[in-house]
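Take a look at the letters that make up each chain.
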Amino acid sequence: MLLDTPLCDFGWKAPEFTLKDFDGTEYTLSEQVGENGLLIAFICNHCPYVIAIAERLAKDAETLKAQGINTLAVMSNDYKDYPADSPEKMKLFAAKYQFKFPYLVDEDQAVGQSYGAICTPDFFGFNSDSELQYRGRLDDAGRGDGAGRKPELVEAMSLVASTGKGPEDQNPSMGCSIKWT
């Protein structure tokens, strides 16, 4: 089912969590916030909307890293019912798209639920105080060719890096519903 994300709740504080990646390494949110913020991307392996943007997400995350903004990707789907999203397949997906950020398994779906994640992809951009400043889409290309795209997430997070505040006008992300148990 195709869903859109809700409007940004400016200032909403990121709930703390600790999750493991596909290899079992633990990551804690508060230890991952960069000097200028943190991007959390709720994604999965099988959604055509995520597949379409995965390469651009990897590149945009590198751009943000250079600006002091770290990235975490979280997979909240029920992979027992959707085996294409299993940790083993997550590892292959991350390698294929050359993710240089942690790709975490939300085994009990508690993180996705506490964040109110709606779809994949669903982006949460936080400032250095872990206050939500962006809840929009990656860019204006969607599932299309990324050539000539407007990198809305990078532009928004660059603003967050320099001012601590996100843009007032944001376009919702669109994607497949998260597969809850």
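Up top is the structure these notes are about.
Worth saying up front: this structure is predicted, and the values here are computed from it rather than measured. (Residues numbered from 1 in each chain as written. Predicted model: local features only at pLDDT ≥ 70, side-chain atom pairs only at ≥ 80, totals over all residues. Heavy atoms only, no water.)

Trainee: It is not clear to me how the pairing of strand β5 (residues 69-75) should be interpreted in this structure. Could you clarify?
Mentor: Two faces make up the sheet, and in a regular strand the side chains alternate between them. Within β5, 7 of the 7 residues are buried, leaving the element largely enclosed by the surrounding structure. On β5, burial covers both faces: Ile69, Thr71, Ala73 and Met75 on one face and Asn70, Leu72 and Val74 on the other are all buried. Running through helix α2 (residues 48-66), the crossover from strand β4 (residues 37-42) to the neighbouring parallel element β5 is right-handed. Bridge count between β5 and strand β6 (residues 103-105): 3 bridges; the pairing is parallel. Each bridged residue has a counterpart across the sheet, and for Met75 the counterpart in β6 is Val105. (Buried < 20%, exposed > 50% of the residue type's maximum accessible area, 1.4 Å probe, protein only. Helix = DSSP H or I, 4+ residues; strand = E, 2+ residues; numbered from the N terminus. Right-handed = clockwise from strand over helix to strand, strands pointing away. Pairing = 2+ DSSP bridges.)

Trainee: So what exactly am I meant to see when it comes to the side chain of Asp78 here?
Mentor: Within the fold, Asp78 resides in the loop between β5 and α3 (87-96). The side chain of Asp78 is buried and forms no salt bridge, while Lys80, the nearest opposite charge, is found at 5.3 Å. With residues near it in sequence (within four places) discarded, Asp78 still touches Gln109, Lys179, Trp180 and Thr181. (Lys, Arg positive; Asp, Glu negative; His and termini not counted. Salt bridge = Lys/Arg side-chain N within 4 Å of Asp/Glu carboxyl O. Contact = heavy atoms within 4.5 Å.)

Trainee: Hey, could you run me through the sheet that holds β5 in this one?
Mentor: Backbone-to-backbone hydrogen bonds pair the strands of a sheet. The strands run either parallel or antiparallel. Within the open sheet, the 7 strands sit side by side as β3-β2-β6-β5-β4-β8-β9. Their pairing is mixed. The sheet terminates laterally at β3 (26-28) and β9 (132-134), the two strands that pair on one side only. Along the sheet, successive strands turn relative to each other by an average axial angle of 40°, direction set aside. One ladder, built from 5 bridges, connects β4 with strand β8 (residues 122-126); its direction is antiparallel. Bridge pairing links Leu39 to Gly125 in β8. Along the sheet, α2 contacts β4, β5 and β8; its crossing angle with β5, the most-contacted strand, is approximately 150°. Against the sheet, helix α5 (residues 152-163) contacts β4, β5, β8 and β9, and its axis sits at roughly 140° relative to β9. (Axes fitted to C-alpha atoms, helices over the stretch in contact; angles between N-to-C directions.)

Trainee: What exactly am I supposed to notice about α5 here?
Mentor: The periodicity of an α-helix, 3.6 residues per turn, causes residues three or four places apart in sequence to face the same way. For α5, built from 12 residues, the straight-helix expectation of 16 Å at 1.5 Å per residue is met to within 8% by its first-to-last C-alpha distance of 16 Å. Glu152, Leu153, Val154, Ala156, Met157 and Val160 are the residues of α5 that are buried. Buried residues along α5 sit against β4, α2, β5, β8 and β9. In the segment just after α5, Gly164 is the residue with positive phi, at about 85°. (Expected span 1.5 Å × (residues − 1).)

Trainee: What is the right way to look at the side chain of Gln109 in this model?
Mentor: Inspection of the secondary structure puts Gln109 in the loop between β6 and α4 (110-115). Those residues in contact with Gln109 that sit more than four places away from it in its chain are Ser76, Asn77, Asp78, Lys179, Trp180 and Thr181.

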